Amino acid sequence: MNTGKNMNKSMIPDELVPLMDDFGRLLRLHVPHLVHGLYLQGSIALGGYQSMKSDIDFIVVLNQAVVDEEDNAKITAIHEELHVMHPFHLAVEGLYTSLSHLSKKAEPAGETFPRLTHGGKKSLHTGYVDATSAWIMRDHGIAVFGPEASELDIVVEWDEIRAAMNYNLNVYWAGKAARAELYMDEEWIDFAVLTLARIVYTMEHRSMITKLEAGHYLLQQQEQSRWHRVLREAVQIRSGGGAEGTLFNTDLERAQEVQQFVLTTIAECNAKYHF
């Protein structure tokens, strides 16, 4: 077991420190032979965490490339205990991996590694981490315990990020673009506009920032464009300013404009980046 350093509490939102304390303690208590380190990535690592809105994205790094049924049962029990102890565990999203998976040296061994969604829905995966999560963890990951993320041999190439952005645009968002009714919901406006803004920023700068930062970035770039109002609306919603009122005359007008922003951004990215 790598006992590592103490948690850098200054980098973790105060309300999440008790959860992270107990998460690390239970891992080291129940699977000390397995655990190498516990890390936070996603919005927390990027400095964009919003209470009751953001996911709590974690990655647990293990020392071996296969997890057996007994250890999986112990990991399940850990999260069941955390679920009872901490309301914020409902927002936990993350997965378990190994050092050899992060370095892309693991041999295929089936789906033996736990993955958690919504704090408790557990499934199994191969141990490989998606490119976006690996990129954020490599560059920004916060060690709750264990060596710093920058000290891990995390192998992720730009071509993998490019492929992930292509999939997000041309599979996920292309599938949502035709559904204007989605954008009658403020959460979908925030999610769609600012996620696409972050994709644009990522492709242009080969780095990742928060969705809100990406919204502000695109606002500056498109101050005189048709999409300025759509971007301001999404930033206002994300910042908690929705109570100030919409910038559109009707919800339908807003939904249609968001839909057009999604369609146009997909088309422009495909043309510019040759997806």
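Because the structure is a prediction, the values reported are computed rather than measured.

A. Region of the structure containing the layout of surface pockets. Approximately 1,500 Å³ is the volume found for the largest pocket. Along its surface, the largest pocket is lined by 44 residues, and Asp55, Asp57, Phe191, Arg198 and Lys211 are the ones closest to its centre. Elements supplying a minimum of two residues to the lining of the largest pocket: α2 (42-46), β2 (56-62), β3 (92-98), β4 (113-117), α5 (131-140), α6 (158-177), α7 (186-205) and α8 (211-221). Ranked by residues supplied to the lining of the largest pocket, first place goes to α7 with eight residues. Class assignment of the residues belonging to the lining of the largest pocket gives a composition of 19 nonpolar, 14 polar and 11 charged. Looking at the second largest pocket, the residues that line it are Tyr49, Met52, Lys53, Ser54, Asp55, Pro87, Phe88, Leu90, Ala91, Glu93 and His118.

B. Examining the pairing of strand β1 (residues 35-40) more closely. For β1, the buried fraction is high: six of the six residues fall into the buried class. Direction of pairing for β1 relative to β2: antiparallel, over a ladder of five bridges. Note on β2: the bridge partner recorded for Leu40 is Phe58.

C. View of the sheet that holds β4. Spatially, β5-β4-β3-β2-β1-β6 is the arrangement adopted by the six strands of the open sheet, whose pairing is mixed. Because the sheet does not close on itself, it has two edges, and the strands there are β5 (121-125) and β6 (142-145). On average, adjacent strands in this sheet sit at an angle of 25° to one another, irrespective of strand direction.

D. Molecular detail of the packing of aromatic side chains. Tallying each qualifying case throughout the model produces 11 aromatic pairs. Centroid distance Tyr172 to Trp173: 5.1 Å. Interplanar angle 85°. Geometry classified as edge-to-face. Note on Tyr172: relative accessible area 30%, which makes it partly exposed. Aromatic rings pair up to connect Tyr172, Trp173, Trp188 and Phe191 into one cluster. In this structure, Arg28 is placed above the aromatic ring of Phe145, and the distance from its NZ or CZ to the ring centre is 4.2 Å. The ring of Trp135 has Arg138 sitting right over it, with the charged end atom 4.3 Å from the ring centre.

E. Geometry of the pairing of β2. Burial of β2 is extensive: seven of the seven residues sit out of reach of the surface. The two faces of β2 match: Ile56, Phe58, Val60 and Leu62 on one face and Asp57, Ile59 and Val61 on the other face are all buried. As paired elements, β2 and β3 share seven bridges and run parallel to each other. Counted as the bridge partner of Ile59 is Leu95 from β3.

F. Quick look at the environment of Ala91. Its place among the elements puts Ala91 in the loop between α3 (69-85) and β3. Judged by its relative accessible area of 21%, Ala91 is partly exposed. Each C-alpha atom, one on Ala91 and one on His118, is 5.4 Å from the other, the two residues being 27 residues apart in sequence. Residues contacting Ala91, with those up to four places away along its chain left out, are Ser54, Asp55 and Ile56.

Conventions used here
Residues numbered from 1 in each chain as written. Predicted model: local features only at pLDDT ≥ 70, side-chain atom pairs only at ≥ 80, totals over all residues. Heavy atoms only, no water. 1 Å grid on protein atoms, 1.4 Å probe; cavity = no way out; pocket = protein on both sides within 12 Å on 5 of 7 lines; lining within 4 Å. Points joined across faces, edges and corners; volume = space filled by probe spheres on them. Helix = DSSP H or I, 4+ residues; strand = E, 2+ residues; numbered from the N terminus. Nonpolar A, V, L, I, M, F, W, Y, C, P; charged D, E, K, R; others polar. Buried < 20%, exposed > 50% of the residue type's maximum accessible area, 1.4 Å probe, protein only. Pairing = 2+ DSSP bridges. Axes fitted to C-alpha atoms, helices over the stretch in contact; angles between N-to-C directions. Phe/Tyr/Trp six-rings, centres within 6.5 Å; stacked < 30°, edge-to-face > 60°. Lys NZ or Arg CZ within 6 Å of the ring centre and 35° of its normal. Contact = heavy atoms within 4.5 Å.

The values are spatial; any link to function lies outside them.
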